[in-house]
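Close look at the chain arrangement
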Amino acid sequence: MHASPLSYLAQVSRSIANFIPKVVKNNKSTTVALIALSGLLVFSQIKSFRKMYNSFHMKRNAQMLNKLLEPHLSRFPKDYVRTILIPKILKLDRPYDFLMIMKESKDKEIIKFVIRALGDLGNEKSLNALVEMAEDEDPQIRVAVFEALGEKKTDDAFQLLLKMTGNAHIIVRCAAIKGLGKISHDKDFNKKASAVLLDMTYSPFTEVLYSLAEALGEIKTDESVNALIEMTNDVDLKLRSAAALSLGKMETTTAFNTLMNMKEDSEAIVRAAVAEAFGEVKTDESLDALIEMTKDACPEVQRAVIKTLGKTNSDKAFDALVKMKSSKDREIVAHVIAALGEMTCNTDYTERVFNILLGTLNDDDPWLRGIRGLGKIGRNRAYSDRACDALMKVE
C-alpha cells in the first residue's frame with residue numbers, strides 16, 4: 001500500500017528537521033510540503049524534486065521558500081552549490097524563478113554563481129536580469145555580471161559592456177574590457193569590439209592595460225597582434241607577461257617570433273609567461289623552444305616549463321620531464337612528478353607514467369610520492385586494481 005503524498009512529505013520533512021532552524025507556522029500543510037521540497041533539494045533527488053517544484057505556485061510561496069532555503073545555502077560547501085546544485089536547477093522546467101530566489105542570498109559567492117547560471121540560461125528574461133544587476137552597488141557583483149554578459153552575443157550586452165568601459169571603478173572597467181574580448185568571438189561584434197579595445201591602448205591605468213592585453217588575445221587580428229607586440233616592449237613586466245600569454249593564442253609567425261625573442265627576457269616572471277604561451281602555440285617549433293627553456297636557471301621558470309610540458313602529450317615532452325626528474329632540486333622533482341600525473345589522461349603514456357609513479361611511493365619525502373597521479377590512473381578500469389593495491393600499501 002502506497003503512502004499518501006502528504007504523509008510522504010511529512011516523513012521527509014522529519015528526516016531533515018535538523019537542517020531547518022525556522023519553520024513558518026501560518027499554514028502547516030504548505031510548510032510541511034515546502035520543508036520536504038527543500039530537503040529533496042539538499043539530497044539532490046532531482047526527479048522527485050521536479051515533480052514537487054511544478055506543483056507549487058512559486059510567486060505565491062517564494063518568500064516562504066526563500067526563508068527555508070537561505071539557511072541551507074549558507075551551509076552548503078561552495079563547490080557543491082557551483083558544481084552540483086546549480087547545474088541541477090538549470091535542468092528544471094522553470095529554473096529562472098528558482099535562480100531569482102537564490103539571487104536574494106546574503107552570500108556574495110552564491111550570488112555570483114547565480115549570475116553565471118543566468119548567463120548560461122541565455123534567454124531574454126535572464127539577460128534582462130543581468131542588465132538589472134549591472135547597476136548593483138557592489139563592484140564585485142557588477143564584475144561577475146560583465147563576465148557573464150561577455151558570453152552573450154547580443155547587441156544589448158555589447159552596448160552595456162561598452163558603456164561600462166568608462167566606469168569610475170577600475171575593477172568594473174577591467175571586467176567590461178574582458179567581456180568585450182569574449183564577445184568579439186562573434187563575427188558580428190569582432191570589428192566593433194576590436195576598434196573599441198585598440199583605442200584604449202593609451203590608457204594611463206596599468207590595471208586597464210593588463211585587462212586589455214588579455215582581451216586583445218581573444219580578437220586575433222593583425223591589429224591586435226601589433227598592439228600586443230608593442231606591449232612586449234613596455235617597462236612593466238606584468239604587462240609584458242600578459243602580452244606574451246595573449247600572443248600564444250595568435251596563430252601567426254610574427255607572434256611566434258616575438259615569443260622566441262621574449263624567452264631571453266631579463267625578468268623571470270616574463271619568461272615563465274612565455275613558457276606558458278608556448279604551450280598554447282602547440283607546434284613542433286614551440287615544443288622545441290619549451291624544452292630548451294628547461295635549462296633556465298630560475299626555479300620559477302622551470303616550474304612553468306614543467307607544468308606546460310605536463311599538458312603537452314608528446315614523446316618529446318615526456319622524455320624532457322623524465323630527464324628533469326633526476327634533478328637534485330627536490331622541489332623541481334616534486335613538480336615533475338605532478339606534471340607526469342597530468343599526462344595520465346593520454347593512454348599512450350599511462351603504463352610508463354604508472355611505473356614511474358609507482359617507484360616514488362617509498363620516498364621518504366611525502367611531496368615526492370606520486371599519490372595523486374596514481375589516483376588519476378586508477379580511474380582507468382585497466383589500472384584501478386593495480387593502483388588501488390599500490391596506494392593501500394603506502395605508509
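Residues numbered from 1 in each chain as written. Predicted model: local features only at pLDDT ≥ 70, side-chain atom pairs only at ≥ 80, totals over all residues. Heavy atoms only, no water.

**Some thoughts on the packing of helix 6 (residues 95–102) against helix 8 (residues 124–133)**
Applied cut-off: For helices, the fitted line uses only the C-alpha atoms of the stretch in contact; every axis is such a line through C-alpha atoms, and the angle between N-to-C directions lies from 0 to 180 degrees. What counts as a helix is a DSSP run of H or I of at least four residues, what counts as a strand is a run of E of at least two, and both are numbered from the N terminus. For classification purposes, angles smaller than 35 degrees are called roughly parallel, those larger than 145 roughly antiparallel, those between 65 and 115 roughly perpendicular, and all remaining angles oblique. By definition, turning the near helix anticlockwise from the far helix through less than a right angle yields a left-handed crossing, and turning it clockwise yields a right-handed one. Any pair of residues with heavy atoms lying within 4.5 Å of one another is described as a contacting pair.
Closest axis-to-axis distance for the helix 6/helix 8 pair is 10 Å, and the angle between their directions is 20 degrees. By the angle between their axes, helix 6 is roughly parallel relative to helix 8. Of the two elements, helix 6 crosses helix 8, and the hand of that crossing is right-handed. Counted together, Tyr-96, Asp-97 and Met-100 of helix 6 and Lys-125, Ser-126 and Ala-129 of helix 8 form the full contact between these two elements.

**Overview of the packing of aromatic side chains**
Going by this rule: A pair of aromatic rings is counted whenever rings of Phe, Tyr or Trp (Trp by its six-membered ring) have centres within 6.5 Å, and the orientation is called stacked for planes under 30 degrees apart, edge-to-face for over 60 and tilted otherwise. Exposure classes here rest on a 1.4 Å probe applied to the protein chains alone. A residue is buried below 20% of its type maximum, exposed above 50%, and partly exposed in between. For a ring to carry a charge above it, either NZ of a lysine or CZ of an arginine must fall within 6 Å of the ring centroid while also lying within 35 degrees of the normal to the ring plane.
This model, assessed by the stated rule, comprises two aromatic pairs. For the pair Phe-354 and Tyr-383, a centre-to-centre distance of 5.5 Å together with 45 degrees between the ring planes defines the contact as tilted. Residue Phe-354 is found in helix 22 (residues 347–358), and its partner Tyr-383 is found in helix 24 (residues 381–392); the two are separated by 29 residues along the sequence. Accessibility assignment for this pair places Phe-354 and Tyr-383 in one class, buried. Lys-192 extends its terminal NZ or CZ atom over the ring of Phe-158, reaching a point 5.0 Å from the ring centre.

**Re the confidence of the model for the protein**
Selection criterion: The score called pLDDT rates the predictor's confidence residue by residue, from a low of 0 to a high of 100.
Averaged over every residue, the pLDDT of the protein is 77; residues scoring 70 or more account for 78%. Element-level pLDDT for the protein is lowest in helix 1 (residues 5–15), with a mean of 44, against a maximum mean of 95 in helix 15 (residues 237–247). Taken as a whole, residues 1–37 scores under 50 in pLDDT and shows 46 contacts with residues more than four places along the chain or in a different chain. Low pLDDT, under 50, characterises residues 39–62; the stretch is placed with 52 contacts to residues that sit more than four places away or in other chains.

**Describing the pattern of salt bridges**
Worth spelling out the cut-off: We count a salt bridge whenever a side-chain nitrogen from Lys or Arg sits within 4 Å of a carboxyl oxygen from Asp or Glu.
By the definition in use, this model includes 16 salt bridges. Put simply, Arg-303 and Glu-331 hold a salt bridge, and the shortest N to O gap is 3.3 Å. Of this pair, Arg-303 sits in helix 19 (residues 299–310) while Glu-331 sits in helix 21 (residues 330–342), and the two are 28 residues apart along the sequence. Classification of Arg-303 as partly exposed rests on a relative accessible area of 28%.

**Considering helix 16 (residues 253–262)**
To keep it simple, the criterion reads: When we speak of the arc, we mean the arc of directions from the helix axis to the C-beta atoms.
Within helix 16, burial applies to Ala-255, Phe-256, Thr-258, Leu-259 and Met-262. What you see down the axis of helix 16 is that its buried residues fit within an arc of 160 degrees, all on one side. Turned more than 90 degrees off the buried face of helix 16, the exposed positions are Thr-253 and Asn-261. Looking at the packing, one finds that the buried side of helix 16 touches helix 14 (222–231), helix 15, helix 17 (268–281) and helix 18 (284–292).

**With respect to unusual backbone geometry**
One non-glycine residue, Lys-220, lies in positive phi territory at about 60 degrees. By the element assignment, Lys-220 lies in the loop between helix 13 (206–219) and helix 14. On the accessibility criterion, Lys-220 (49% relative accessible area) is partly exposed. One non-glycine residue, Lys-282, lies in positive phi territory at about 60 degrees. Inspection of the secondary structure puts Lys-282 in the loop between helix 17 and helix 18. Classification of Lys-282 as exposed rests on a relative accessible area of 69%.

**Section: the nonpolar core**
Convention followed: By convention a nonpolar core is built from buried Ala, Val, Leu, Ile, Met, Phe, Trp, Tyr and Cys residues, the set being connected through side-chain atoms within 4.5 Å.
By size, the foremost hydrophobic cluster in this structure holds 112 residues, and its most contacted members are Met-102, Ile-115, Leu-118, Phe-146 and Leu-149. Ranked by residues supplied to this core, first place goes to helix 17 with nine residues.

**Considerations on the environment of Gly-248**
Looking at the element boundaries, Gly-248 is found in the loop between helix 15 and helix 16. Among the residues examined, Gly-248 registers a relative accessible area of 2% and is labelled buried. Each C-alpha atom, one on Gly-248 and one on Glu-280, is 5.3 Å from the other, the two residues being 32 residues apart in sequence. The contact partners of Gly-248, leaving out residues within four places of it in the chain, are Leu-259, Ala-277, Glu-280 and Val-281.

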